[in-house]
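So the chains spell out like this:
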Amino acid sequence: MKTMINRKRLINHIEELSQIGRTENGGINRFSFTDEEKKANKLVEDYMKEAGLSVHYDAIGNLIGSVEGTEDLPAILLGSHIDTVPDGGKYDGPVGVLSAIEVMHTLKDQGIKPKHPVKVISFRDEEGTRFGFGMIGSRAVAGTLTTEDLQREDQNGITIEQAMKDDGLEIDHLDTAQLENIKAYLEIHIEQGKVLEFNHTGVGNVTGIAGPLWLKFHLEGLAEHAGATPMDQRHDALTAASHIITEIEKIANQFQDAVATVGKVAVKPNGVNVIPGEVEFTADIRSIDESERNSIEQKIKDFAQNIANDRNVSLQISELQRVEPVLCDEDIQKAIKESIHELEENVVSLPSGAGHDAMQFKNNFPVGMIFVRSVNGISHNPKEYSLDEDIEQAANVLYKTLNRL
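Residues numbered from 1 in each chain as written. Predicted model: local features only at pLDDT ≥ 70, side-chain atom pairs only at ≥ 80, totals over all residues. Heavy atoms only, no water.

Asks: Would you explain the packing of aromatic side chains in this entry?
Replies: For any pair of aromatic rings, the description rests on two quantities: the centre-to-centre distance and the angle between the ring planes. In the structure shown here, the tally under the stated rule is seven aromatic pairs. Taking the centre distance of 6.5 Å and the plane angle of 70° together, the rings of Phe-33 and Phe-131 count as edge-to-face. Within this pair, whereas Phe-33 is found in the loop between α1 (7-18) and α2 (35-50), its partner Phe-131 is found in the loop between β4 (118-123) and α4 (136-142), the two being separated by 98 residues in sequence. Of the two residues, Phe-33 and Phe-131, both sit in the buried class. For the pair Phe-123 and Tyr-185, a centre-to-centre distance of 5.9 Å together with 65° between the ring planes defines the contact as edge-to-face. Here Phe-123 is found in strand β4, whereas its partner Tyr-185 is found in strand β5 (residues 182-190), with 62 residues between them in sequence. Chaining the aromatic ring pairs together yields one cluster made of Phe-123, Tyr-185, Phe-361 and Phe-365. (Phe/Tyr/Trp six-rings, centres within 6.5 Å; stacked < 30°, edge-to-face > 60°. Helix = DSSP H or I, 4+ residues; strand = E, 2+ residues; numbered from the N terminus. Buried < 20%, exposed > 50% of the residue type's maximum accessible area, 1.4 Å probe, protein only.)

Asks: What exactly am I supposed to notice about helix α7 (residues 237-252) here?
Replies: Helix length check: α7 (16 residues) gives 23 Å between terminal C-alpha atoms against 22 Å at 1.5 Å per residue, within 8%. When α7 is considered as a whole, its buried residues turn out to be Ala-237, Ala-240, Ala-241, Ile-244, Glu-247, Ile-248, Ile-251 and Ala-252. Buried positions in α7, seen along its axis, are confined to an arc of 130° and lie on one side of it. At its buried positions, α7 is contacted by β7 (211-220), β8 (259-261), β10 (278-287) and α8 (290-310). The distance from a side-chain oxygen at the start of α7 to the backbone nitrogen of Leu-238 is 2.9 Å, and the residue carrying that oxygen is Asp-236. (Expected span 1.5 Å × (residues − 1). Arc of directions from axis to C-beta. Contact = heavy atoms within 4.5 Å. Polar contact = N/O pair within 3.5 Å; in protein donor to acceptor, adjacent residues only side chain to side chain.)

Asks: I would appreciate a short explanation of the layout of surface pockets in the present structure.
Replies: Any space left empty among the atoms is revealed by the rolling of a water-sized probe across them. Estimated volume of the largest pocket: approximately 840 Å³. As for the largest pocket, its lining consists of 31 residues, of which Met-135, Gln-321, Val-323, Gly-355 and Met-359 are closest to the centre. Looking at the lining of the largest pocket, the elements that each hand over two or more residues are α4 and β7. Quantified by volume, the second largest pocket comes out at close to 580 Å³. Asp-257, Ala-258, Val-259, Ser-352 and Gly-353 are the residues nearest the centre of the second largest pocket, which is lined by 27 residues in total. Those elements giving two or more residues to the lining of the second largest pocket turn out to be α7, β8, β10 and β13 (349-352). (1 Å grid on protein atoms, 1.4 Å probe; cavity = no way out; pocket = protein on both sides within 12 Å on 5 of 7 lines; lining within 4 Å. Points joined across faces, edges and corners; volume = space filled by probe spheres on them.)

Asks: Please clarify how the environment of Lys-39 should be interpreted in this entry.
Replies: The topology assignment puts Lys-39 in helix α2. Sequence-wise, Lys-39 and Gly-21 are 18 residues apart; in three dimensions their C-alpha atoms are separated by 9.1 Å.

Asks: When you look at the packing of α2 against helix α3 (residues 94-109) in this model, what are you seeing that I'm missing?
Replies: Two packed helices can be described by the angle between their axes and the distance between those axes. Closest axis-to-axis distance for the α2/α3 pair is 9 Å, and the angle between their directions is 20°. On the basis of their axis angle, the class for α2 and α3 is roughly parallel. Between α2, through Val-44, Tyr-47, Met-48 and Glu-50, and α3, the contact on the second element is made entirely by Val-97, Leu-98, Ile-101, His-105 and Lys-108. (Axes fitted to C-alpha atoms, helices over the stretch in contact; angles between N-to-C directions. Parallel < 35°, antiparallel > 145°, perpendicular 65-115°, else oblique.)

Following this line, the structure appears as structure tokens:
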């Protein structure tokens, strides 16, 4: 197989960038509007210039490297993010940004000029670590970031707006970050799961991005003495909750690509010799099929209410978050799969359970994603790891897909 991209250069860039914000645990802290982010942006900016891209920062601080097309056509966007979660890994996000730059560098090395204008974007604050509000940069590009959003604060009471001003940005120009006349957006990202590893392949085609639905269940019974209250006279909120939690898993298992997780539970009074009188827990339900997710939601709610009635406890269900799933464009998927096949790889298509910048563009322009195998499925962790050859292969798939588009 002929190698398209320069693997050594790409892996060196990943390693160099990983040194910025390095923690004593071997992880990385690179949060938005910090010195670490500024230093990282400067390094990525240098990579973009070396690849022949003209570089600028938009109104929110997204780093954009551009090359003109030979024809008057809509632009193609490539990118991801370089910010991290606390003590995060070096592949989540940067692989996408640096692979996109490498693809453009390879085109330059080969003297190939694209027909479409191409923009490589390093989006600001995808993870949402600092302000508890992610995908700031991609929201701005989509035109959905509002001035109200900019009032969100970090743990020190600094708003996004203030952080922007300290960075030399002005919210009056926020609307200029929105991009139009776009043909497609392509993103490489590590899988953050084990599907590709299970299928013994290093690269995959993403069918869609699951939208998370977060529900909070509040059950209230009666806290009484654990020894003095007969079993048939109890209003045990925890026993009721346990039946619901078990059923949530059973319901999700009825749907092939759906997942549901109870990740947070609080019990009151939480005493060894006291019948639990109050329980609160969350459910995170995800699918790339919104009607399927709605069906799961309704089944869970109906079952929970029946359990509450049978066990004589009160039930309140509230919605914490509802994000629309995003389907990847069929034509882009076809181009990605053809590129994978051309590189003699097994074509595996899979949904993304995690959110990505690409999902912000559902109502703006078509999107496609390429996944890189994650060893042991580990991500958001210093032990996060993807093989050099898998990263190289994904970058080659991006190269070929870009040429097809």
